[in-house]
Amino acid sequence: ETGVTQTPRHLVMGMTNKKSLKCEQHLGHNAMYWYKQSAKKPLELMFVYSLEERVENNSVPSRFSPECPNSSHLFLHLHTLQPEDSALYLCASSQERRKPQHFGDGTRLSIL
Amino acid sequence: GEDVEQSLFLSVREGDSSVINCTYTDSSSTYLYWYKQEPGAGLQLLTYIFSNMDMKQDQRLTVLLNKKDKHLSLRIADTQTGDSAIYFCAESPGGGADGLTFGKGTHLIIQP
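Residues numbered from 1 in each chain as written. Chains lettered and ligands numbered in written order. Predicted model: local features only at pLDDT ≥ 70, side-chain atom pairs only at ≥ 80, totals over all residues. Heavy atoms only, no water.

### Regarding the nonpolar core
Grouped together as the largest cluster of nonpolar side chains are 22 residues, with contacts concentrated most on Trp34, Phe64, Leu76 and Leu78 of chain A. Every element with two or more residues in this core is listed here: strand E2 (10-13), strand E3 (18-25), strand E4 (31-37), strand E5 (44-50), strand E7 (64-70), strand E8 (73-79), strand E9 (87-94) and strand E11 (107-111) of chain A. The contacts of leucine 78 of chain A, once residues within four sequence positions are left out, are Leu11, Met13, Asn17, Lys18, Lys19, Leu21, Arg63, Phe64 and Leu109 of chain A. Formed by 20 residues, the second largest nonpolar core is a distinct cluster that contains Val12, Cys22, Tyr24 and Tyr87 of chain B. (Core = buried A, V, L, I, M, F, W, Y, C linked by side-chain atoms within 4.5 Å. Buried < 20%, exposed > 50% of the residue type's maximum accessible area, 1.4 Å probe, protein only. Helix = DSSP H or I, 4+ residues; strand = E, 2+ residues; numbered from the N terminus. Contact = heavy atoms within 4.5 Å.)

This is the structure we're talking about:
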């Protein structure tokens, strides 16, 4: 139990579907992150939120849309995804920016 | 640019010590991390070291940092079958960036 919970654990969707990934942290942290883990590539940072404000967006395609309604919850809204978007999406949180990050177990996303 | 390098595989016998090595390029890194990922799971924060330290020990884990050579190592004493996993080295880049820069991970294989 890491204190960071992601749902669903697995998601299969077609390219025209719209779905959302959810992340919830129970650690009282102020910063939250989305990462993408693809086979044979290092983890890639997608988005960073601090105190519910987006502070970093690493040139992620607009078909990925994050939302952070409060410091405990983070969403990643997905629409019109491509097969190359199939990956493990990991959420992390930290006490504040640039402090050690704690990860959830991820959502395994498969695009048909 | 930022780059974190580590060997892809390490094979050790049960009961021996494992040493996983990592090199990084950003001399202004603040924290350096070791994460563990078991099959089907997210990243577990194993340990981290602040850049002004040379060594950190935590039970069976010893982290050594050579800042001059930008070299980080993780030693696992008395390696057990439960240590079988992928180990990721990561750094907090300097310059105010929020995300961690990860290596591609080292698969630790335990021989009976």
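### A word on the state of the cysteines
Applying the stated criterion across every chain, the model contains two disulfides over all chains. Linked covalently through their sulfurs, cysteine 23 of chain A and cysteine 91 of chain A form a disulfide whose S-S length is 1.9 Å. The sign of the -75° torsion about the S-S bond sets the cysteine 23 of chain A-cysteine 91 of chain A disulfide as left-handed. Here cysteine 23 of chain A, found in strand E3, pairs with cysteine 91 of chain A, found in strand E9; they are 68 residues apart in sequence, far enough to count as distant. As far as the burial class goes, cysteine 23 of chain A and cysteine 91 of chain A line up, both buried. A sulfur-sulfur distance of 1.9 Å marks the disulfide that ties cysteine 22 of chain B to cysteine 89 of chain B. An S-S torsion of about -65° defines the bridge between cysteine 22 of chain B and cysteine 89 of chain B as left-handed. Of this pair, cysteine 22 of chain B sits in strand E3 (residues 18-24) while cysteine 89 of chain B is found in strand E9 (residues 85-91), placing the two residues 67 residues apart along the sequence. One exposure class covers both cysteine 22 of chain B and cysteine 89 of chain B, and it is buried. (Disulfide = S-S within 2.5 Å.)

### Details of the interface of chain B and chain A
Contacts between the two partners involve 19 residues from chain B, matched on the other side by 22 residues from chain A. Of the roughly 1600 Å² buried between chain B and chain A, counting both surfaces, carbon and sulfur atoms make up 54%. When the area that chain B buries against chain A is broken down by residue, the three leading residues are Leu43, Asp98 and Phe102 of chain B, summing to 35%. There are zero salt bridges connecting chain B and chain A. At the boundary of chain B and chain A, one finds five residue pairs in polar contact (both at pLDDT 80 or more). Sorting the residues of the side of chain B that touches chain A by element identifies strand E4 (31-37) and strand E5 (43-50) of chain B as the ones contributing at least two each. The element that contributes the greatest number of residues to the side of chain B that touches chain A is E4 of chain B, accounting for four residues. Split into classes, the residues belonging to the side of chain B that touches chain A amount to 11 nonpolar, six polar and two charged. (Buried area = accessible area lost by both parts, 1.4 Å probe. Salt bridge = Lys/Arg side-chain N within 4 Å of Asp/Glu carboxyl O. Polar contact = N/O pair within 3.5 Å; in protein donor to acceptor, adjacent residues only side chain to side chain. Nonpolar A, V, L, I, M, F, W, Y, C, P; charged D, E, K, R; others polar.)

### Considering a nonpolar patch on the surface
A surface patch of nonpolar side chains, amounting to about 300 Å² of accessible area, comprises Leu8, Phe9 and Ile109 of chain B. Assignment of secondary structure puts isoleucine 109 of chain B in strand E11 (residues 106-111). (Patch = residues over 30% accessible without salt bridge, like charges linked within 9 Å, V, L, I, M, F, W, Y side chains within 5 Å. Areas by Shrake-Rupley, 256 points an atom, 1.4 Å probe, with all protein chains shown as cover.)

### Structural notes on the sheet that holds E7 of chain A
Residue and element names in this part refer to chain A. Overall, antiparallel pairing links the four strands, which are arranged E1-E3-E8-E7 in an open sheet. Among the strands making up the open sheet, the edge pair consists of strand E1 (4-7) and E7. Going from strand to strand, the sheet's axes swing by 20° on average, the running direction of each strand aside. Note: E1 against E3, four bridges, orientation antiparallel. For glutamine 6, the partnering residue across the bridge sits in E3 and is cysteine 23. (Pairing = 2+ DSSP bridges. Axes fitted to C-alpha atoms, helices over the stretch in contact; angles between N-to-C directions.)

### Comments concerning the packing of aromatic side chains
Throughout the structure, instances matching the rule amount to 13 aromatic pairs over all chains. A cation sits over an aromatic face here: lysine 56 of chain B above tyrosine 48 of chain B, 4.3 Å from the ring centre. (Phe/Tyr/Trp six-rings, centres within 6.5 Å; stacked < 30°, edge-to-face > 60°. Lys NZ or Arg CZ within 6 Å of the ring centre and 35° of its normal.)

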